[in-house]
Amino acid sequence: MHASVGDILIVHGHIVGQGDRKGEIIEVRGENGAPPFFVRFDDGHEELVYPGPDAVVHPPEPS
């Protein structure tokens, strides 16, 4: 998985009733766009993320 600053990380919920988490990648700490990513989620929480198979990266949404 590779990403750039500004890309959107979506972590899919894997428990019934648990929604997806979506956030903006604000820092890429791995080499050549590789994880880990520092992410600011929609609720304002910031976290260092090592994405698993339940996560996808999308380009930034147009404004």
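The rules behind these values
Residues numbered from 1 in each chain as written. Predicted model: local features only at pLDDT ≥ 70, side-chain atom pairs only at ≥ 80, totals over all residues. Heavy atoms only, no water. Phe/Tyr/Trp six-rings, centres within 6.5 Å; stacked < 30°, edge-to-face > 60°. Lys NZ or Arg CZ within 6 Å of the ring centre and 35° of its normal. Helix = DSSP H or I, 4+ residues; strand = E, 2+ residues; numbered from the N terminus. Buried < 20%, exposed > 50% of the residue type's maximum accessible area, 1.4 Å probe, protein only. Core = buried A, V, L, I, M, F, W, Y, C linked by side-chain atoms within 4.5 Å. Contact = heavy atoms within 4.5 Å.

Peer 1: Which residues make up the packing of aromatic side chains, and what values do they have?
Peer 2: Each aromatic ring pair is summarised here by two numbers: the centre-to-centre distance and the angle between the ring planes. Evaluated as defined, the whole model comprises zero aromatic pairs. The ring of Phe41 carries the charged tip of Arg21 above its face, separated from the ring centre by 3.9 Å.

Peer 1: Residues and numbers for unusual backbone geometry, please.
Peer 2: Omega for the bond connecting Pro35 with Pro36 falls within 30 degrees of zero, at 10°, which places this linkage in the cis form. You can see Pro36 is positioned in the loop between strand S2 (21–28) and strand S3 (37–41). Of note in the backbone geometry, Asn32 takes a positive phi value of approximately 55° without being a glycine. Positionally, Asn32 belongs in the loop between S2 and S3. A relative accessible area of 72% means that Asn32 is categorised as exposed.

Peer 1: Go over the nonpolar core, please, and point to the residues and values.
Peer 2: Core analysis: the biggest nonpolar cluster contains nine residues, these being Ala3, Leu9, Val11, Ile25, Phe37, Val39, Phe41, Val49 and Ala55. Of all the secondary-structure elements, those providing two or more residues to this core are strand S1 (8–11) and S3. Here the element with the most residues in this core is S3; it accounts for three residues. Those residues in contact with Phe37 that sit more than four places away from it in its chain are Met1, His2, Ala3, Ile25, Glu27, Val28, Glu47, Leu48, Val49, Pro51 and Val57.

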